[in-house]
Amino acid sequence: MRVLSRFMTSAVSVDHFPAPALPEVAFLGRSNVGKSSVINSLLGAKIAKTSSSPGRTQSINFFEVRWPGKPQPEVVFADLPGYGYARVPRDVTSTWSSFVDPYVANRECLVLCLALVDLNVPPQESDKRLLEFLRSAGRPFLMVGTKADKLSGNQLRNSLKSFAKDFADLKIVPYSARTGAGREELWREIRAAADSRNPDQRAFA
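About the criteria used
- Residues numbered from 1 in each chain as written.
- Predicted model: local features only at pLDDT ≥ 70, side-chain atom pairs only at ≥ 80, totals over all residues.
- Heavy atoms only, no water.
- Helix = DSSP H or I, 4+ residues; strand = E, 2+ residues; numbered from the N terminus.
- Buried < 20%, exposed > 50% of the residue type's maximum accessible area, 1.4 Å probe, protein only.
- Contact = heavy atoms within 4.5 Å.
- Areas by Shrake-Rupley, 256 points an atom, 1.4 Å probe, with all protein chains shown as cover.
- Salt bridge = Lys/Arg side-chain N within 4 Å of Asp/Glu carboxyl O.

## Quick look at the overall build of the protein
Of the regular secondary structure elements, the protein holds six helices and seven strands. For the protein, the succession of helices and strands along the chain, N to C, is β-β-α-β-β-α-α-β-α-β-α-β-α. Going through the 205 residues of the protein one by one, you find that 46% of them count as buried. In the protein, the share of contacts with a sequence separation of at least 24, taken over all contacts with a separation of at least 6, comes to 74%. Working note: accessible area of the protein is about 10,200 Å², and carbon and sulfur atoms make up 47% of it.

## Topic: the pattern of salt bridges
The full count for this structure, using the stated rule, is 10 salt bridges. For Arg6, the salt bridge goes to Glu64, with nearest N and O atoms at 3.1 Å. Taken together, the positions of Arg6 in strand E1 (residues 4-11) and Glu64 in strand E3 (residues 60-66) put the pair 58 residues apart, joining distant regions of the chain. A residue is classified by how much of its surface remains accessible, and Glu64, at 18% relative accessible area, is buried. A single salt-bridge network, built from bridges that share partners, covers Lys171, Glu185 and Glu189.

## Observations regarding unusual backbone geometry
With a phi angle near 60°, Lys147 is a residue other than glycine that sits in the positive phi range. Residue position: Lys147 is located in the loop between strand E6 (141-146) and helix H5 (153-166).

This is the structure we're talking about:
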């Protein structure tokens, strides 16, 4: 699937958020989980900055997404700061709640939250807290298991069982930014969420 994308803005306060218009999909997860790599894989372009040093994203970065032949963008991706990385200065992380929490809790055009977890490590307490926060905010969310290509078939099945045990009744999409495994399934979930907000505009048909 080919799409066109454009960086919109970075926000470090509620006042910096773009005007709510299009359906938005938020990407959340720990700092080393590979959020930017997943976004780049979905968009087919290196638009979200990746780094060998976790914790580099310290704002909410917004990206417009448009299909070729469509006159207007159809959805917006929001890349949120990663959590749980000790080297991010405390004076930086202390400000995140002033704009990250309101974005997740109050953003009226937010239609789906993608909670990214690393399938190569056991479920983390910080991941559990994220899911509890999303549930308390009443947000629809989906778990995306990153770096699936690093596991053998048996290892992947065992990892998914481990996450399913800790997060019962929660769908998990295994994903590999390197091979593209899970890309089509994740796009189907994104399209369905966007269409649910604009049922009369089948932007992704």
